[in-house]
Every structure is written in C-alpha cells, then in structure tokens.
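Coordinate analysis (summary)
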Amino acid sequence: MKKTGMLFALGVAVLSCGCISVEEIKQEADAGNVEAQYKMAEMLLAGDGIARNPYKAKEYFNMAARAGHFFAACKFAGLVMNNPNGDESENLRKALNIALSMEVPETLWRKHPIITLPALVAWFANIPVAILTLGNCDIAFGSYKTDEYEVQAELLEKFPIEIVAYAQYLDEEKYEKSASKICQFALSYLQSPKYKDKKKAVEYSITQLQQIVAAQQARKWAEEQRLAEEKRLAEEKRLAEEKRLAEAKRLAEEKRLAEEKRLAEEKRLAEEKRLAEERKKMNDPAYKFPYTDIAKEHIKLYKHLSSGISLDWFVREAKINQKQISSVNGMTEYLSVQLKRSDYPDVEFVFGTETAVAGSEFIKSIGTADTVIPKGGLVACRITFPSGKVTAKDVIGKYSREFPDAKYSRSVKDNKDERIVSGVVIKTNVKDITDVLESGKVRVEIAHREFETEFHDPQNRVDASTLNAIKELSIKDLSRLYNAIAIAITDKMLEKHFIDVTKELKEKARKEEELARKKAVGEALDF
C-alpha cells in the first residue's frame, strides 16, 4: 500500500516528519477523505503550511461535518455563528445536529509500541505529535475521544447566545424563512433535557428567539394586511375603472345615438324642406303645364292627371308619393315615352317629347345623379279594365256627359269562325267594336268585343244535356277571352303639336343627312 493511502485510511496524518505535503492532503480531502478534509480545514484556518483562508477552511469543515465528523461539525458551527456570511442555516442545522447529539462514530486510533497513550494530543488542540518509525515512516496515533465532551460542553455553553445572534443576523438580512427555521431548531434544543439544569441561563435566549419569531409573525401579518389592503385598493381601483369605462361607453353610446338622431332629424327636416320646395314647385302652373300656349284647356285624362302635365312634374310627383314608374312599349305618330305608375296599374300614360327618348333607359336613369328628364307633356291615357264591372255603354255614357259636344261614331269588324266539337257545329262571330267620341279638342276611343254563337247538331250525334254542356263551355271561354274594355283618351291639340314637332325633327334630320351626303359626294368627286 502507498504511504499516503495508509495514512488517511487509518485516520490522522502527522506532518512533523515531512513525509506528506499539503498538496497531498488537499488531494485526499478533495477526493472525499473526511480526516483529510478536517486537517485541510485546520491548516487553512491556522495558516499552517498554507496561506490562511477562513472561508475556504469553512468549506472543508462543512465537507467533513456533512460526513459526520464531530470536531468538523463543532468548528463549522462556531465559524458560521461567529462569522456569518449569507444564508448557511441549512448546513449549520446539520452540523449542530451532529455536534449537540454526539451521534458520531468512535474515532479510529491505535497505540504505537514506542509511544505511550498520554503522549498524544487531541486534534482539536492543533498539536499533532508524530513518531518516525524505522525504515517506513509509519505514523503513531492516539485517541482524542475524551475531548469530544469538552468541546460539546463549550459549544453548549456558547450555543444559546451565538444562535440568537445568528438568528438575528438572518432576520436582519431578510433571510426570514431561514431565520424562522433556525429559531424553531434552537428552541427545540434550548427547551430539551440538555438544558434542564440551565433553564434560567437560557431563558433570555429563549425569549429572544421567541421575540424574533413573534416579530416575524407580526411582520408577516402586517405584510398580509398590507397586501390585502393593496388588493382591496387595486380591486376598488379596477371596479372604479370598469365603472368609469362603462360610464364612458354609455356616454359615448348616448352621444352616438344623439348624433344619429340629430343627423336623422337634420335629414328629415332637409327632406321635408326639399319636399315642401318640390310641392311648391309642383303647384307652380307654369312648371306643371308648360304647354298652356298650345292647349289652353287641360283635359282630365285620369284621376287628378290632366293633359299637358309635364313629364318632369309627373316623375317628381310619383317620387314624392313614393310610387314606382315603369315603361311600356307602344306605337304613336309622334316622339313619345309611355309610362305606368304602381298606384294605377291598369293605366298607361303617353307623353309626347321633343327629343327621342328610350323608355327603358329613361326609367333606369330616374333617381341617379345624371338624370335628365326631357321636355314633354301628357297627351293621352290608355285605360284597361274588365267588362264585368262596367259595360261599353256605361263608358260611353260617362264620356258623353263629360264631353257633350263630342260626336259619337262606331265601327264594327266581324271575325267569323266555325269549328266542330263532338259533332256539334259551333259558329262564332266576334265583333271588334270601336266606339268613338270626338270633338275638336278630344278623342275618346272605346274598344271592346261582342260575340254571337250558333250551335248546330244536324245529325243529332249528342243528346240535349251534352249539347247544353258544350254551349256553356264555349260561351264561358269566349267571355273570358273577350271581356276587356280598352279606353284611349287623347288631347288632340297636344297630339297635333307633338306630331308637328316630330315631323319638323324628322325633316331637319333628313336635311342634315342630305347635306352630309352631298358633302360626302362632293369630297368623293373632288379629283
């Protein structure tokens, strides 16, 4: 076995012989040799053979103490309590458990044949004694077990004062949890049987430790109260902020609604003003009837609508009353646009215009920013309704009373037809009848149909009931097909005006076209 291995395996090294260097002791200590750790700590604390370093010595004492070395635990506890440096409470409690309980293994020792036992001095006195044996540098060892009690007695004597000072240090340095644990640890020892004979001597220390604990509890309670108050104030602040935001949101919403209401009211008033101006304008005779110089009298065509009403007035009046306008197709001798209104679905209004107008395009443009309503006036109305309500005779009577100077005439066109149904010969004569009431100013045309039907069964192929059924069905079908009455009422003065305007426009267009053609021919023949 090597020399150093023999030394540390047995226990305590003797340096006086110079066989083991400080570096070798350090290597053994760092390798986990407990006795070497203790010896290294002693050397560092005393500056024996190495530069003095109490902090490094404390580290080696702690290493040995954690391995159960009694003297290392005592030395470490003393250094920590007398020279505190940060929170070392956990290691201190472990060291004190060893130092105060005497739970350490018996120190290894052996006698040397030459040296007597009283000649050896304990390690705790830091005076190692070595005897150099012949030839192999073996070390003589002695027992220092008897010193453990003296060391513990000294520690027990100083412990009550030093532990209070250390607990106060921890508490002052804000290691509050560690201070509390140290106080509980110390109180458990000071109130244990070890101090039963020194109860009065340790009463002050116990009181001091209890005061530290009480002060900590008071601070903890005060901190809890402070945090609770902060939490309460924060909650109050949060609720107040929520209330403020809710109020701000409510006020903003009220403001928004008020603004919407104001804008809506402004819009309503503006619309009312516009409509009032529209109505005022609509009531202006010059605007409503722009063709008074042509037709001084305005013929009532339908309801409140009379001939000569301007196209612009008609469109605006429908818009004011929120009525829809649509276009219809029809043939006239003059430039015209033919419209229907949603409130009068069975009536077509024919407006003469002074420019060519496409009805569908005109309807699309109504209501847009670029709407241009051409100059025009109401010339005629076409009214259609079922004859079941009234007869042609009723209509003729109405207009005869309205236009007593109008002359009446009638034209009839026969449309004969013959067909055979189930052997029965059905002869039908549908008469297209046009009743006309006409004066120098107005023309009323009432178009309707009448039919005559004959049924013949020359070969008696059907019985009487079947024949009657055929008759009823045929008459019902004819009545359904030819039951409408169509009325066309026209202001002849305005009609003539727009026919003349149309002729003039066509003649003008023809002349322009002829001039353009001649010009083109002249340019083509200019060679």
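Look up a bit, the structure's there.
A brief look at the structure comes next. Since the model is a prediction, treat every value here as computed from it, not as a measurement.

**Observations concerning helix α6 (residues 89-101)**
Compared with the 18 Å implied by 1.5 Å per residue over 13 residues, the 18 Å span of α6 between its first and last C-alpha is a close match. Among the residues of α6, those classed as buried are S89, L92, R93, A95, L96, I98, A99 and L100.

**Regarding the sheet that holds strand β10 (residues 484-491)**
Read from one edge of the open sheet, 8 strands run β3-β4-β5-β6-β10-β9-β8-β7, paired in antiparallel fashion. On the outer flanks of this sheet lie β3 (325-327) and β7 (407-421), each paired with one strand and no other. Across the sheet, the mean angle from the axis of one strand to that of its neighbour is 25°, orientation sign disregarded. Across 15 bridges, the pairing between β7 and strand β8 (residues 424-438) is antiparallel. Opposite S411, over in β8, you have T434 as the bridge partner. The sheet strands contacting helix α11 (residues 311-320) are β3, β4 (336-341), β5 (344-353) and β6 (376-386), and the helix crosses β4 at an angle near 20°.

**Some points on the nonpolar core**
One finds F61, M81, L92, L96, F159 and I163 to be the most contacted residues of the largest nonpolar core, which totals 55 residues. Of all elements in the fold, only α2 (22-30), α3 (34-46), α4 (54-66), α5 (70-82), α6, α7 (146-172), α8 (176-190) and α9 (199-282) reach the threshold of two or more residues within this core. If we ignore the near neighbours within four places in the chain, the residues touching F159 are M81, L96, L100, A186, Y189, L190 and Y195. Formed by 37 residues, the second largest nonpolar core is a distinct cluster that contains L275, V315, V347 and F403.

**What about the pairing of β6?**
Summarising burial for β6: 8 of the 11 residues are buried, a large majority. In the sheet, β5 pairs with β6 via 7 bridges, with the strands oriented antiparallel. Bridged to F349 within β6 is C381. For β6 and β10, the ladder comprises 7 bridges, and the chain directions are antiparallel. Considered in β10, the bridge of T384 is made with A486.

Conventions and cut-offs
Residues numbered from 1 in each chain as written. Predicted model: local features only at pLDDT ≥ 70, side-chain atom pairs only at ≥ 80, totals over all residues. Heavy atoms only, no water. Helix = DSSP H or I, 4+ residues; strand = E, 2+ residues; numbered from the N terminus. Expected span 1.5 Å × (residues − 1). Buried < 20%, exposed > 50% of the residue type's maximum accessible area, 1.4 Å probe, protein only. Pairing = 2+ DSSP bridges. Axes fitted to C-alpha atoms, helices over the stretch in contact; angles between N-to-C directions. Contact = heavy atoms within 4.5 Å. Core = buried A, V, L, I, M, F, W, Y, C linked by side-chain atoms within 4.5 Å.

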